[in-house]
Amino acid sequence: MNRLKLKAVLGSHPHVQAVKSGALCSDLFDLDFIEYTPTNTAFKRMVREQAFDVCEMAIVTYLMAKAHGKPLVMLPATMMGRFQHSYALYNPAHGTLVPSDLEGKRVGVRSFTTTTGAWIRGILANDCGVDLDKIKWVTFEDPHVAEYVDSTEHAPQDKKILQMLLDGELDAVLGETSDNPRLKPLFPDPAAEAAKWYARRGVVPVNHLVVVTEQLAKSRPDVVAGVYDLLRRNKEQAGPVATPDLVPFGIEANRKPLELIIDYAFQQALIPRRYAVEELFDETTRGLN
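These remarks concern the structure in this document. (Residues numbered from 1 in each chain as written. Predicted model: local features only at pLDDT ≥ 70, side-chain atom pairs only at ≥ 80, totals over all residues. Heavy atoms only, no water.)

## Points about the nonpolar core
Line of reasoning, step 1. The biggest cluster of nonpolar side chains holds 58 residues, and the ones touching the most others in it are L63, M74 and L280.
Line of reasoning, step 2. The element that contributes the greatest number of residues to this core is helix α9 (residues 251–267), accounting for 7 residues.
Line of reasoning, step 3. Ignoring any residue separated from it by four or fewer positions in sequence, one finds M74 in contact with I59, Y62, L209, V210, V211, L258, L280, F281 and T285.
Line of reasoning, step 4. Counting residues in each nonpolar core, the second largest holds 26 residues, with L10, V19, F29 and Y228 among its members. (Core = buried A, V, L, I, M, F, W, Y, C linked by side-chain atoms within 4.5 Å. Buried < 20%, exposed > 50% of the residue type's maximum accessible area, 1.4 Å probe, protein only. Helix = DSSP H or I, 4+ residues; strand = E, 2+ residues; numbered from the N terminus. Contact = heavy atoms within 4.5 Å.)

Okay, here's the thing in structure tokens:
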């Protein structure tokens, strides 16, 4: 068969460096990498145009894309996972704030559909008892999935999320970090909170996995399996796996985080129903481990 040239977008993660440099390659295809910084700026083009053959993608973006029939297929290859508790900030100049104080407050998030936002809102609702409907959400970007109807308040175009927090126009923000000494984490000790959450849930919050176009998946399942194999080999070569593993590979290793983020996305009306984990994959990718 002809050797394919695939357009690809992956972030500069340590566990994909050998693939991105060409040190690890395939006999079936070449990966032509296109750089997007930050990587999430490629997601809209992949969802709306299928602009690449292989693309890193936030899991909530993929769930919403699936709900709207976008021709994409996911690989069980995590590119980025992280505990989320440190990605929520407030301004103590306006008084001390803890998660349970957020009802009735104005909270900024880059887009209501970001994966980090969905994870933190899920934690707020399910672990802190916060009624998300009683928060005034302020957003700054359109969703990647155009069909999603966003009912949040949109910040004026010239406004920046952290500056609005510093200026007192927002009470808290999700999905952001800052070394500004005027800002503090909403969770008083984020590392301790994350450790407690992990002990209770046993879940690593995965943010980004990898998708391919449905056209590639149907026409060349061997190539799709080959892409996954390259990524898996690179991870194995990248050194000892952390505990817990923040970039799990394979459906079983990703099952618990996928089940939980599906739950959170459904609770937050980002998707119309709870998908079974197997539904996120096709005949080829369902067998990858």
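## Observations concerning the sheet that holds strand β6 (residues 106–109)
Line of reasoning, step 1. Reading across from one edge, β8-β7-β6-β9-β5-β10 is the order of the 6 strands in this open sheet, with mixed pairing throughout. This sheet does not close on itself; its edge strands, each paired only once, are β8 (153–154) and β10 (184–185).
Line of reasoning, step 2. The pairing of β6 with strand β9 (residues 172–174) spans 3 bridges and is parallel. Residue pairing across strands places V109 opposite L174, the latter belonging to β9.
Line of reasoning, step 3. Running over the sheet, helix α4 (residues 115–127) touches β5 (88–90), β6, β7 (136–139) and β9 and is turned about 120° from β9. (Pairing = 2+ DSSP bridges. Axes fitted to C-alpha atoms, helices over the stretch in contact; angles between N-to-C directions.)

## Focus on the environment of E35
Line of reasoning, step 1. The topology assignment puts E35 in the loop between β2 (29–33) and α2 (43–49).
Line of reasoning, step 2. In the structure, E35 is positioned 25 residues away from L10 in sequence and 7.6 Å away in space, judged by C-alpha atoms.

## Looking at the pairing of strand β11 (residues 206–213)
Two faces belong to every sheet, and in a regular strand the side chains alternate between them.
Line of reasoning, step 1. Where burial is concerned, most of β11 is hidden: 8 out of the 8 residues are buried.
Line of reasoning, step 2. Summarising the sheet, strand β3 (residues 54–58) and β11 pair through 5 bridges and their orientation is antiparallel. Note on β11: the bridge partner recorded for V54 is V212.
Line of reasoning, step 3. Inspection of the sheet shows strand β4 (residues 72–81) paired to β11 by 6 bridges, in the antiparallel sense. Note that in β11 the partner of G81 across the bridge is V206.

That is the geometry; function is a separate question.
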